[in-house]
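Given next are the chains, with one letter for each unit.
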Amino acid sequence: MTRNAEQRVDVALLLRRLTVELDAVGERFAEAHGLGRTDVRAVIAIMDAARRGEPLTAGGLGAAVRLSSASVTALVDRLERAGHVRRVRDPADRRRVVLEMTEPTMAAGGAYFGGLQRGLLAAMEGYTDADLAVVRRFLEGMTEVVVAHEA
């Protein structure tokens, strides 16, 4: 095996290890808040949409977490009953209903993941803009491979 091939295998193994560790963090958050794995994925999808300034409908959530319409309805109903999300009218189109995180869930996520986020940002401080551009391109490429594998 060439040195380059060995390095690619090492990087793939490190990526797998990172994925396992991040999954464990998410699992501990889910357990602490009475959520299932899909519930956490849904909460993250709603938070990410809000961060981008894009309202997320139930249909958009279904696409984001790869669930059928009936399953999304049950998921949103469960998250709403538990006080994690609410359905609200889209201010831009009052006929459309969008999903929002509740303040307590946003606060819980911030409290739980805030330290991790600060640590990740601190770990990146020594990287140049060019370094981060390469890392970003790498992570986007790896994510595309995973998404294609799931399809």
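As shown above, the structure is provided for reference.
The structure presented is a predicted model; accordingly, all values stated were derived computationally and were not measured.

Thresholds, definitions, all that
Residues numbered from 1 in each chain as written. Predicted model: local features only at pLDDT ≥ 70, side-chain atom pairs only at ≥ 80, totals over all residues. Heavy atoms only, no water. 1 Å grid on protein atoms, 1.4 Å probe; cavity = no way out; pocket = protein on both sides within 12 Å on 5 of 7 lines; lining within 4 Å. Points joined across faces, edges and corners; volume = space filled by probe spheres on them. Helix = DSSP H or I, 4+ residues; strand = E, 2+ residues; numbered from the N terminus. Nonpolar A, V, L, I, M, F, W, Y, C, P; charged D, E, K, R; others polar. Pairing = 2+ DSSP bridges. Salt bridge = Lys/Arg side-chain N within 4 Å of Asp/Glu carboxyl O. Buried < 20%, exposed > 50% of the residue type's maximum accessible area, 1.4 Å probe, protein only. Contact = heavy atoms within 4.5 Å. Core = buried A, V, L, I, M, F, W, Y, C linked by side-chain atoms within 4.5 Å.

Chemist: Quick question: what am I supposed to make of the layout of surface pockets here?
Modeler: Sizing a probe to match a water molecule and rolling it over the atoms shows the empty space that remains. Of the pockets and cavities examined, the largest pocket occupies roughly 2800 Å³. Elements that contribute at least two residues to the lining of the largest pocket include exactly helix 1 (3-32), helix 2 (37-52), helix 3 (58-65), helix 5 (103-123) and helix 6 (129-150). Here the lining of the largest pocket gets 12 residues from one element, more than from any other, and that element is helix 1. Considering only residue class, the lining of the largest pocket consists of 32 nonpolar, eight polar and 10 charged. Empty space within the second largest pocket amounts to approximately 240 Å³. In this structure, the second largest pocket is lined by 17 residues; those nearest its centre are Ala-50, Pro-55, Leu-99, Glu-100 and Met-101.

Chemist: Can you help me understand the pairing of strand 1 (residues 85-90) in this one?
Modeler: Consecutive side chains of a regular strand alternate in pointing toward one face of the sheet and then the other. Sheet analysis places strand 1 next to strand 2 (residues 93-101), joined by six bridges and oriented antiparallel. Residue Arg-87 lies in a different strand from strand 2, and its bridge partner there is Leu-99. Where strand 1 folds back on strand 2, the antiparallel hairpin that results is connected by two residues.

Chemist: Just checking my understanding: could you explain the pattern of salt bridges for this structure?
Modeler: Under the criterion given, the structure shown has 12 salt bridges. Ionic pairing is found between Arg-37 and Glu-27, a salt bridge with its closest N-O pair at 3.9 Å. With Arg-37 in helix 2 and Glu-27 in helix 1, the pair connects residues that are 10 residues apart, well separated along the chain. Since its relative accessible area comes to 55%, Arg-37 is described here as exposed.

Chemist: So what exactly am I meant to see when it comes to the side chain of His-84 here?
Modeler: Here His-84 is to be found in the loop between helix 4 (69-81) and strand 1. What His-84 contacts, discounting residues up to four positions off in sequence, is His-33, Leu-35, Leu-79, Glu-100, Met-101, Thr-102 and Thr-105.

Chemist: Even after reading the chapter, I still don't get the nonpolar core, so can you show me in this structure?
Modeler: Nonpolar side chains in soluble globular proteins tend to end up buried together. With 20 residues, the main nonpolar core has Ile-46, Leu-61 and Leu-79 as its most contacted residues. Of all elements in the fold, only helix 1, helix 2, helix 3, helix 4 and strand 2 reach the threshold of two or more residues within this core. Broken down by element, the residue count for this core peaks at seven residues, all from helix 2. Ile-46 has contacts with Leu-56, Leu-61, Val-85, Leu-99, Glu-100 and Met-101, leaving out every residue within four places of it along the chain.

Chemist: Looking at this structure, how should I read the environment of Ala-74?
Modeler: Within the element layout of this structure, Ala-74 appears in helix 4. Separated by 55 residues in the primary sequence, Ala-74 and Asp-129 place their C-alpha atoms 43 Å from one another.

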